[in-house]
Amino acid sequence: MARLEILEFPDPRLRTRAKPVETFDDDLRALVDNMLETMLAAHGIGLAATQVNRHIRVLVLDVSDDQTDPRVYINPRIVDEEGSRVCEEGCLSVPGIYANVQRAETVRVEAQDRNGVTFQEEVTGIHSVCLQHEMDHLEGKLFVDYLSPLKRQMVRKKLDKQRRQKLADQQKSPARPAP
Ligand code: GNR
Ligand code: NI
């Protein structure tokens, strides 16, 4: 297992539209395991392959309280949806930014598991919000796209500032070289 690098906004690779998975092999299962490890290490509740620069239709979730319920969705599609709700969202690719987004309240999703077996499931609450957020990633879409252009500009500036601050901090106390 390995931790993968997570791309960050405004990286243009996050805008890639993911292609369907056609082969369910050991490479795919290794990607799924690495995505789960990366998501848990980053304290995320979901991760799309797009975020780790793999442009295929794979996403993982774990919305359980103690992160013991990993879920895998390959080639997911929403077959039915109902209601709407607004939820404050965050994203591992847009660190430190939170904003309200309107989504369907309940969705019925059809997807394949890591062995290619098709299943259907109805999800609601944070599970539904997170699933829709991850499916947006597979389309090259980010939650900040739902904000006004002015707010999105503010997000860019805040991220730039965070990155400059991080660099400055690193220069103040550089990591000691290995002996
Ligand atoms: O960890 C995450 N939390 C979250 C909170 C509210 C709505 C969506 C999410 S998904 C996010 C992880 C992530 O960026 N997945 O793409
Ligand atoms: Ni995200």
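Below you will find a few notes about this structure. (Residues numbered from 1 in each chain as written. Chains lettered and ligands numbered in written order. Predicted model: local features only at pLDDT ≥ 70, side-chain atom pairs only at ≥ 80, totals over all residues. Heavy atoms only, no water.)

**Here we look at the coordination of the nickel ion (ligand 2)**
When four donors bind a metal tetrahedrally, each ideal donor-metal-donor angle is 109.5 degrees, and when six bind octahedrally, the ideal angles are 90 or 180 degrees. Going by this rule: Any N, O or S atom lying within 2.8 Å of the metal counts as a donor, with the limit raised to 3.2 Å for Na, K and Ca; because water is left out of the atom set, some sites can appear incomplete. Under the DSSP-based scheme used, a helix requires at least four consecutive residues in state H or I and a strand at least two consecutive residues in state E, with every element numbered from the N terminus. Each residue's exposure class comes from its accessible area (1.4 Å probe, protein chains only) as a fraction of the maximum for that residue type: buried when under 20%, exposed when over 50%, partly exposed otherwise.
Taken together, Cys91 (SG), His133 (NE2) and His137 (NE2) make up the protein donors of the nickel ion (ligand 2), found 2.1 to 2.3 Å from the metal. Counting gaps between the donor residues of the nickel ion (ligand 2) yields the pattern C-x41-H-x3-H. Highlighted residues: Cys91 in the loop between β3 (71–89) and β4 (99–112) and His137 in helix α2 (residues 125–138), separated in sequence by 46 residues. This pair shows no difference in class: Cys91 is buried, exactly as His137 is.

**Structural notes on the site of ligand 1**
The condition that has to hold: Nearness is judged by heavy atoms alone; a residue qualifies as near a molecule or strand once a single heavy atom is within 4 Å of it. Any pair of N or O atoms that falls within 3.5 Å is considered a polar contact. Within protein, one atom must be able to donate a hydrogen and the other to accept it, and sequence-neighbouring residues count only if both atoms are side-chain atoms. Areas reported as accessible are Shrake-Rupley estimates using a 1.4 Å probe. Residue values count occlusion only from the protein chains shown. Residues are grouped as follows: Ala, Val, Leu, Ile, Met, Phe, Trp, Tyr, Cys and Pro are nonpolar; Asp, Glu, Lys and Arg are charged; every other residue, Gly included, is polar.
Not every one of the 14 residues close to ligand 1 is listed here, only the nearest: Ile45, Gln51, Leu92, Glu134 and His137. Between Gln51 and ligand 1, the recorded distance is 2.8 Å, taken from a side-chain N or O atom to an oxygen atom. Contact between ligand 1 and His133: an oxygen atom at 3.2 Å from a side-chain N or O atom of the residue. For ligand 1, the protein covers 90% of the area, taking 390 Å² as the surface of the free molecule. A per-element tally of the shell around ligand 1 places α2 first, with five residues. By residue class, the composition of the shell around ligand 1 is five nonpolar, six polar and three charged.

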